[in-house]
Amino acid sequence: MKPWIAAWGAVFVCSWAGNQFSPLLLMYEDREHFSSLLVNIFLGVYVLGLAPALLLAGSLSDRHGRRPLMLVGVLAALIGSILLALGPTGALFLALGRLFSGISVGIAMAVGNAWIKELSQGRFDPGAAEDSGARRASLAFTTGSAAGALLAGLVAQWGPLPEVLPFLVHLALTVPFLVIVARLPEGRVPGGLPGPWWRQLGVPSAGHRRFTRVVLLGAPWIFGSAAIGYGYLPTQLAGATGTWGLVCATAATVIALGVSSAIQPLAQRAHSLESARGLVAAVGIMLLGIAAVALAIRTQSVAIGLGANVVIGVGMGIALVSSLLEVQRIAGSRDLAGLTGVFYAAAYAGFLAPAVIAAVAHLVDVQVVLAVIVALGAVCWVGILVSSRRHLPADERHLAADGGHLAADGGHLPADGPGAREDRLVAATDR
């Protein structure tokens, strides 16, 4: 087995941990009599564990290696599922379980994605295409998330012990990865920035103008649209779905993530080295999906709701691949995991959307709230379009021709020797 496949599997089970809860929101409302606001808060608590993990784990793994941090991620996934399985005994276990699930996914996204990328090149996989790392990493997330949601939803609707069994299955799948991850090779020699450990938490390439003016503007809409499509929408269609509510919630989740997975092998065609046309297209598509969600809620149409998740899935798939390709071009090898973590932290902030909508909907009609969200998205879309062809990382061939100095029109760094590319990283982030 090639090493990247094992790393892919580790990200897969961590992603499973993060999304197995999503289709169960209606079940907790019905069985435990939790309010819609409370179950959406459970969805949001996930971000409280995920964001710090994204921002800290990636940078720490750049210094100390991918393996020890990824082991922590797998362990957090196990703890999360144990706590969620104890959910019937109290809401606190659900909240803590979601917190640990967020930590697991945060580590997997920042550390695991960088690890997959490093194991998809050079001596580990010499025949891999240049974009293989980005495609494989994004596919690990979406397929793991879809598998977790599918199993949890089906068990909750028709299986025994619906509040416990899905998490026991995940535990059984995840335990072996404590051994698998411990045996994997490092993709690069750990090092990072010199000095005390806290200096490693800085991500110099996060200041690159291409990242701040293009990637960050599109990031929150990736999982914001997903959370609205398969997290919030099913709770608003409860009257139309009746006893089939869990099936509808599961279908919405699997459709969005399944379409996202299916479109990713084709997403590179939308991406361009000369512009951000992939992200421009993706954000526009996701906003159309959110608008379709508003229409589904107004008409109480399950068909329109499922169609909205198809549209959202297309946008997600393109956005994930395009964003990761942009991140990998911008980052130096010493802070690739750190910048990946910053990107995912911004992306996962979108998971707070259902909790915000549920809180505001008591004061303002939900149609107005969703209209405002689409309008904010349109502003971001215009911002990405304006900066689409600006602040492009320089062509490495031009840099090599300049004797290793940065080209006048870019900010990327040449891979002209061990450490050379990242040593000039600070200069690049001024672009």
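1. Some thoughts on the packing of helix α9 (residues 209–236) against helix α16 (residues 366–386)
Two elements in contact, α9 and α16, have axes separated by 9 Å at closest approach and are oriented at 155 degrees. As judged from the angle between their axes, α9 and α16 are roughly antiparallel. Like other packed secondary-structure pairs, α9 and α16 cross with a definite hand, here left-handed. The segment α9 lies against α16, with R213, V214, L217, G218, W221, I228 and Y232 engaging V366, L370, I373, L376, G377, C380, G383 and I384.

2. Overview of the pattern of salt bridges
The tally for this structure, following the rule as stated, stands at four salt bridges. In this structure, E118 engages R66 in a salt bridge whose closest nitrogen and oxygen atoms are separated by 2.4 Å. Here E118 is found in helix α5 (residues 91–119), whereas its partner R66 is found in helix α4 (residues 66–85), with 52 residues between them in sequence. Residue E118 shares its accessibility class with R66, and that shared class is buried. Linking R136 and D125 is a salt bridge whose minimum nitrogen-to-oxygen distance equals 2.8 Å. On the criterion of sequence distance, the pair formed by R136 in helix α6 (residues 132–158) and D125 in the loop between α5 and α6 is long-range, its members being eleven residues apart. Taking relative accessible area as the criterion, R136 reaches 16% and is therefore assigned buried. Several salt bridges converge on common partners, so that one network encompasses K2, D125 and R136.

3. Side note on empty space enclosed by the protein
In total, this model carries one cavity of 30 Å³ or more according to the counting rule given. Counting only elements with at least two residues in the lining of the largest cavity, the list comes to α5, α13 (302–330) and α14 (336–348). The element that contributes the greatest number of residues to the lining of the largest cavity is α13, accounting for three residues. By residue class, the composition of the lining of the largest cavity is four nonpolar, three polar and no charged.

4. Quick notes on the nonpolar core
Grouped together as the largest cluster of nonpolar side chains are 121 residues, with contacts concentrated most on M70, F223, Y348 and L370. Sorting elements by how many residues they give to this core places α9 first, with 13 residues.

5. Let's talk about a nonpolar patch on the surface
Judged by side-chain polarity, L352, V356, V360, L363, V364, V368, V372 and L376 come together as a nonpolar surface patch covering roughly 680 Å² of accessible area. Those elements that place two or more of their residues in the nonpolar patch are α15 (353–360) and α16. Sort the elements by how many residues they give to the nonpolar patch and α16 lands first, with three residues. Looking at where L363 falls in the secondary structure, it is placed in the loop between α15 and α16. Under the relative-accessibility criterion, L363 is labelled exposed at 76%.

6. Overview of the packing of aromatic side chains
Per the stated rule, a full pass over the model turns up 14 aromatic pairs. Geometrically, the ring pair formed by Y46 and Y348 is edge-to-face, given 5.9 Å between the ring centres and 70 degrees between the ring planes. Of this pair, Y46 sits in helix α3 (residues 36–64) while Y348 sits in helix α14, and the two are 302 residues apart along the sequence. Per residue, the accessibility class of Y46 equals that of Y348, and both read buried. Among the aromatic residues, those joined into a cluster by ring pairs are Y46, F141, F223, F343, Y344, Y348 and F351. In this structure, R136 is placed above the aromatic ring of W4, and the distance from its NZ or CZ to the ring centre is 3.8 Å.

Thresholds, definitions, all that
Residues numbered from 1 in each chain as written. Predicted model: local features only at pLDDT ≥ 70, side-chain atom pairs only at ≥ 80, totals over all residues. Heavy atoms only, no water. Axes fitted to C-alpha atoms, helices over the stretch in contact; angles between N-to-C directions. Helix = DSSP H or I, 4+ residues; strand = E, 2+ residues; numbered from the N terminus. Parallel < 35°, antiparallel > 145°, perpendicular 65-115°, else oblique. Left-handed = near helix turned anticlockwise from the far one by under 90°. Contact = heavy atoms within 4.5 Å. Salt bridge = Lys/Arg side-chain N within 4 Å of Asp/Glu carboxyl O. Buried < 20%, exposed > 50% of the residue type's maximum accessible area, 1.4 Å probe, protein only. 1 Å grid on protein atoms, 1.4 Å probe; cavity = no way out; pocket = protein on both sides within 12 Å on 5 of 7 lines; lining within 4 Å. Points joined across faces, edges and corners; volume = space filled by probe spheres on them. Nonpolar A, V, L, I, M, F, W, Y, C, P; charged D, E, K, R; others polar. Core = buried A, V, L, I, M, F, W, Y, C linked by side-chain atoms within 4.5 Å. Patch = residues over 30% accessible without salt bridge, like charges linked within 9 Å, V, L, I, M, F, W, Y side chains within 5 Å. Areas by Shrake-Rupley, 256 points an atom, 1.4 Å probe, with all protein chains shown as cover. Phe/Tyr/Trp six-rings, centres within 6.5 Å; stacked < 30°, edge-to-face > 60°. Lys NZ or Arg CZ within 6 Å of the ring centre and 35° of its normal.

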